[in-house]
Every structure is written in C-alpha cells, then in structure tokens.
Amino acid sequence: MKLFAISDLHVRHSVNRDAVESMTARPDDWLILAGDLAEKPEDIEWVFATLAPRFAKVFWVPGNHELWSGPKSDLKGVARYEHLCELAAKHGVLTPEDPPALFEGEGGPAYVCPLFLLYDYSFCPDGMDRTEALAWSAEAGLVCTDEWYLEPDPYPSREAWCAARVELTRERMDSLPADVPKVLVNHFPFRMDLVRLFKIPRFVIWCGTKETEDWHTRWNTRAVVHGHLHMRATDWRDGVRFEEVAIGYPRHWKQDRGIDHYVREILPGPDGPDRGWGGPIWHR
Ligand SMILES: [Fe+2]
Ligand SMILES: [Fe+2]
C-alpha cells in the first residue's frame, strides 16, 4: 500500500480529461489530488467519480481554479468551497474539512493532512503591502485571472480568507498527536523559495503565504505536497521532502509518457536528500 499524488489535472482540456480517464487503477493505494481539477462543479465531480473507485482512498484540496466563480455567480467564495466539499463527500473523497486519515502502508504511519490555505500576496519582496505587490507584478505585465474570478465571500478579501484558513489550520494541526509524522497537502506552495517561475517570476504573489514557511518543521512532517506551479520538482528543506506534482495544461506535460508517469509516489517515496544542496530534482 502506497501513497501517490497528482494535481492540476485541468480537465477542461480534453487531452487532460482523456488522460484522467486512462489512469491506471491502484485499488490498494491512496491518491492525493492537490487542486486545480477544473473550474465547473460538474467537471470537478466527474474527476471524483472517475478516480475515487480506482483507489482505496482519495483526497482533494481546492486550487484557485475550483474557486473561480465571477462576481455574479450565486455559488462563490466559502459557499462554493463548501459545495465542492459536499460533492467530494458524495464520492467518499476526503477534503480539508475531514479529520486527517492515518496512512499505515509503506513509509507510514503518517497522517495525510489535506489543507486549504490560499494566498495572501506576502510572497513578494520584503516590505511590500498587497497594493505594492500587485503594482510590482503589473509592471511585468502580470495579473492573475483570480483577481476577477476568485471571489472571497463572505470575507472582504482573498488575504482575509487566507488568514482565517491559516489560523483554523494551525489549531487543527496542533490537535494531532505530535509523535505521528504528517504529510501536508495544499494546492499552493508552502515556501516562497519553491516558486521558480522562470518566465513569469512576479506571478509569485498569487502562489502562497509566508505564514507557512516553517510548517514542515513545526509538525513532525514526513513530506509536503503541493501543485499550482505546473513545474514538477522534488526539493528538500531541513531534511523534509517537498513534492510539486502538477501535470498542468497540455503543453506542460508529455502526453506520450502517459498520465501514470506523472502520478508521484509520496510514501514510501525516495530516501534523501540525494543531492547535498537539496534539489530541485525536476520531473519532466
Ligand atoms: Fe493549475
Ligand atoms: Fe493553481
């Protein structure tokens, strides 16, 4: 019994949807879906319905794309997130609102902790506030679609929603047994130094929160899983393995390798760090 992960399936693209359809069943194993499955609830539910029967247990955390609604939608912000959690529950998929599940297979025991933390524009040069960070990205011609479509209701802003999620998640993590290792899962990277967007470096402001910079050392963490960057890599920080597991849009992965090539083994996973400087090891 192993623990696997993949993210950013983006099944709005038919190439990706066909790939998900073709994913090999591993009925003894667990699968983490680390966000950005799709935008429409019916497509998100299609992924749950397609993959949940193929694995012993499936986890999901929301990405920014699942939360896109637009200001006129009647299903936005927290209500949209809760609706998606209900769709997951319908298919037995565990979400950040479920208690973490104890993985007792190879490389375990470890609590698999799906988290929903969002971002707060703090991934930017020190001293900038949100307005300055947005201007800094705009100077490079960058503005994330989230600015129009990711509604934070009833919170006044995405960063306020992020702050509330960080606080809630800290409390939940503190309540878990300290002696059992954890696998932390979030759509957004936990550390700014893992965001290496070589072509669009100032997109970093939509990628996470500095609040989670030290979370891998705070709760006896075996591995940390995230997506969002569409730049698959393995990194090590303080002896803890970080796995970016996104396949991304069709141009971001090689279809001739098949989707199974991109389903990353999290546990037991590789020993490491296998390079003195801790990575990154890129996964093409
Ligand atoms: Fe994505
Ligand atoms: Fe994303």
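These numbers were taken from a predicted model, which means no experiment stands behind them.

Summarising the element assignment, Pro41 is placed in helix α2 (residues 41–51). Taking the C-alpha atoms as reference points, Pro41 and Thr234, separated by 193 residues in sequence, lie 30 Å from one another. Beyond its immediate sequence surroundings of up to four residues, Pro41 is in contact with His83, Leu84 and Leu87.

Let's shift gears to the sheet that holds strand β2 (residues 26–33). Here four strands make up an open sheet; going across it, the order is β3-β2-β1-β10 and the pairing mixed. Only two strands of the sheet have a single neighbouring strand rather than two, namely β3 (55–60) and β10 (264–267). For this sheet, the mean inter-axis angle between neighbouring strands, taken without regard to orientation, is 30°. For strand β1 (residues 3–6) and β2, the ladder comprises four bridges, and the chain directions are parallel.

Taken in spatial order, the seven strands of this open sheet run β4-β5-β6-β7-β9-β8-β11, and their pairing is mixed. Of all the strands in the sheet, the pair left with one neighbour each is β4 (101–103) and β11 (281–282). By the bridge criterion, three bridges tie β4 to strand β5 (residues 110–114) in an arrangement that is antiparallel. Of the residues in β5, the one forming a bridge with Leu102 is Tyr111.

On to the packing of α2 against helix α3 (residues 77–90). At a minimum axis separation of 9 Å, α2 and α3 run at an interaxial angle of 30°. The angle between α2 and α3 falls in the class roughly parallel. Both α2 and α3 take part in a crossing whose hand is right-handed. Seen from α2, the contacting residues are Pro41, Ile44, Glu45 and Phe48; seen from α3, they are His83, Leu84, Leu87 and Ala88. Residues that form the contact of α2 with α3 fall into these classes: six nonpolar, one polar and one charged.

What counts, and at which threshold
Residues numbered from 1 in each chain as written. Chains lettered and ligands numbered in written order. Predicted model: local features only at pLDDT ≥ 70, side-chain atom pairs only at ≥ 80, totals over all residues. Helix = DSSP H or I, 4+ residues; strand = E, 2+ residues; numbered from the N terminus. Contact = placed C-beta atoms within 7 Å. Pairing = 2+ DSSP bridges. Axes fitted to C-alpha atoms, helices over the stretch in contact; angles between N-to-C directions. Parallel < 35°, antiparallel > 145°, perpendicular 65-115°, else oblique. Left-handed = near helix turned anticlockwise from the far one by under 90°. Nonpolar A, V, L, I, M, F, W, Y, C, P; charged D, E, K, R; others polar.

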